[in-house]
Amino acid sequence: MTIWWLALILATIGSAGIAFIWLAVRLGRNAPAAKLGSKNPAGTIESAAKEDVDRIFNNEFREELRNRGRLHFEKIIGENAMFLQQDLRLTMSQLNEFMKDEITNKLKEEFGKYEESIDDAKQLAIDSIQKTNVAIDEQRHVLSDQVQQEILAEKQQLMKRFEDNMADIVNHYVLAAVGSQIDLTDQLDYILSEMETNKKAIIEDILSGA
Amino acid sequence: MAPEPETAKPAKTAMKLPVLVSSPVDVGRLVRELQVIDESMLQLKLRKGTAAVRLPKTSQLMDQTAQLNKLNLLHVADRKQLQTFLETVVAKAPVLHISFSADPSVPFIEKLITWLRREIHPQILLTIGLQPNTGAGCMVRSTNHYFDFTLRKKFADNHQLLLDKLAPKAGKT
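In this report, we go over the structure that sits alongside the text. Just so you know, these numbers come straight off a predicted model, no measurement behind them. (Residues numbered from 1 in each chain as written. Chains lettered and ligands numbered in written order. Predicted model: local features only at pLDDT ≥ 70, side-chain atom pairs only at ≥ 80, totals over all residues. Heavy atoms only, no water.)

1. A closer look at the overall build of chain B
Short version of the rule: Strands here are runs of E lasting at least two residues and helices are runs of H or I lasting at least four, both read from the DSSP assignment and numbered beginning at the N terminus. Exposed residues in this analysis have more than 50% of their type's maximum accessible area, buried residues have under 20%, and partly exposed residues fall in between, with area computed by a 1.4 Å probe over protein chains only.
In terms of helices and strands, chain B carries six helices and four strands. Helices and strands in chain B line up, N terminus first, as α-α-α-β-α-β-β-β-α-α. Taken over 173 residues, chain B has a buried fraction of 40%.

Written as structure tokens, this is what we have:
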């Protein structure tokens, strides 16, 4: 873009210089004849120069220069407009590419941050779950120990109670096991012997309590 | 000289109760049966010359009672004597309540009542109860006393002995 502009300006300056040199050479061929005719008086030189200027830069020449300048200016304007249009299109396309890249990068960056935040949140959740699991495991161990201790204490208490009441347990077991197996007829001798032992008390109770 | 058996003195009567009559309920049945016989005999007497009146069939208890005491229930005097005796029994006979772990059989009750009437009182009556948790033996309840002849009581009395026997073995385990 800048190189095109620079080339264009250099071309303009070069064409203007060439036109000035051509004009100077042409005027230089006609100048010796005029110098020879008015060589002596100084005032005539100035007036001759003025006349030459007036003759060279007459209205037609000026008009021609003006037209040429106008054309050149229009050409430059047109070229500039074309360059500007191309540049604008190029800029637009570059801008589009830039915007696309920027948006893509931005989106990638945002998605990266989003994924990172999701990873962080996931990691946080995993850490939390792991901590919870560890706490649950610890609690389970504590609870298990407590239950074991409770069971042990209960077992010891049961054993102590069993030992304390062992005689009652044996009695109960014997009564339950033997009681229904002994026939009453077999018990008659035992019953009569017991009554014989307590006969006196029974007789006294009958006699006194009637 | 052999000592006289320690038995309570019976009422002034020579009549006896058969061993089958063991409870106040049996005596009550005898009383009611005797009343029925009396009424039948009265009807027989009143309907003399008319259709024959059927005498009620006497139960085994009444038969044994009459046979044991040599009574003829067709005689008014014998019936009166039996009625007086039964009323005396109902009023004055001692009653023992004995609880067993199971229902005793009739022979068992006969043996028991025989011993009781020989050793304790000739007219003693029994009411039988049921205590399944006694194991073995019986519980006797007289008028004012309670006698526990059960195996449970025996075990309870020898509780310390059982503990002493069991404790060393328990200590080893």
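Now that the structure has been shown, we can carry on.
2. Looking at a negative patch on the surface
Note the threshold: Patch rule: a residue counts if its relative accessible area is over 30% and it has no salt bridge; like charges are joined within 9 Å, and nonpolar side chains (Val, Leu, Ile, Met, Phe, Trp, Tyr) within 5 Å. Using a 1.4 Å probe, accessible areas were evaluated by the Shrake-Rupley method; residue-level cover was limited to the displayed protein chains. Whenever Lys or Arg places a side-chain nitrogen within 4 Å of a carboxyl oxygen from Asp or Glu, that contact is recorded as a salt bridge. This count recognises Lys and Arg as positive and Asp and Glu as negative, with His and chain-terminal groups excluded. Lys charges are placed at NZ, Arg charges at CZ, Asp charges at CG and Glu charges at CD.
On the surface, E115, E116, D119 and D120 of chain A cluster together into a negatively charged patch. With respect to the secondary-structure elements, E116 of chain A resides in helix 3 (residues 59-164).

3. Re the packing of helix 1 (residues 24-46) of chain B against helix 2 (residues 60-68) of chain B
Residue and element names in this part refer to chain B. Heads up, the rule is: The axes used here are C-alpha line fits, helices contributing only the stretch in contact, and every angle between their N-to-C directions lies in the interval 0 to 180 degrees. For classification purposes, angles smaller than 35 degrees are called roughly parallel, those larger than 145 roughly antiparallel, those between 65 and 115 roughly perpendicular, and all remaining angles oblique. We call two residues in contact when some of their heavy atoms are within 4.5 Å. The classification used treats Ala, Val, Leu, Ile, Met, Phe, Trp, Tyr, Cys and Pro as nonpolar, Asp, Glu, Lys and Arg as charged, and all other residues, Gly among them, as polar.
Remark: helix 1 packs on helix 2, axes separated minimally by 10 Å, with the N-to-C direction vectors making an angle of 85 degrees. As the angle between them shows, helix 1 and helix 2 are arranged roughly perpendicular. The segment helix 1 lies against helix 2, with D26, L30, E33, L34 and I37 engaging L61, M62 and T65. Within the contact of helix 1 with helix 2, the residues separate by chemical class into five nonpolar, one polar and two charged.

4. What to know about the interface of chain B and chain A
Note the threshold: Take the accessible area each of two parts loses on contact, using a 1.4 Å probe, and add the two losses: that sum is the buried area. Polar contact is the term for a pair of N or O atoms within 3.5 Å; when the atoms are in protein, one must be able to donate a hydrogen and the other to accept it, and sequence-neighboring residues count only if both atoms are side-chain atoms.
The interface is formed by 44 residues belonging to chain B together with 29 residues belonging to chain A. Taken as a group, F108, W115 and F149 of chain B account for 19% of the area that chain B buries against chain A, more than any other trio of residues on that side. The interface formed by chain B and chain A includes two salt bridges. Residue K199 of chain A pairs with E119 of chain B through a salt bridge whose shortest N-O separation is 2.9 Å. Joining chain B to chain A, the criterion identifies seven residue pairs in polar contact (both at pLDDT 80 or more).

5. Focus on helix 3 of chain A
Going by this rule: Given the number of residues in a helix, its expected span is that number minus one, multiplied by 1.5 Å.
Compared with an ideal rise of 1.5 Å per residue, which puts 106 residues at 158 Å, helix 3 of chain A spans 148 Å between its outermost C-alpha atoms and is within 8% of the ideal. The set of residues buried in helix 3 of chain A consists of F61, I76, N80, F83 and D87 of chain A.

6. Side note on the environment of P94 of chain B
Mapped onto the elements, P94 of chain B comes out in the loop between helix 3 (76-92) and strand 1 (95-100). Note on P94 of chain B: relative accessible area 8%, which makes it buried. Each residue touching P94 of chain B, except ones within four places of it in the same chain, is listed here: I206 of chain A together with H121, Q123, I124 and L125 of chain B.

From the geometry alone we can't say anything about function, so treat these as descriptive.
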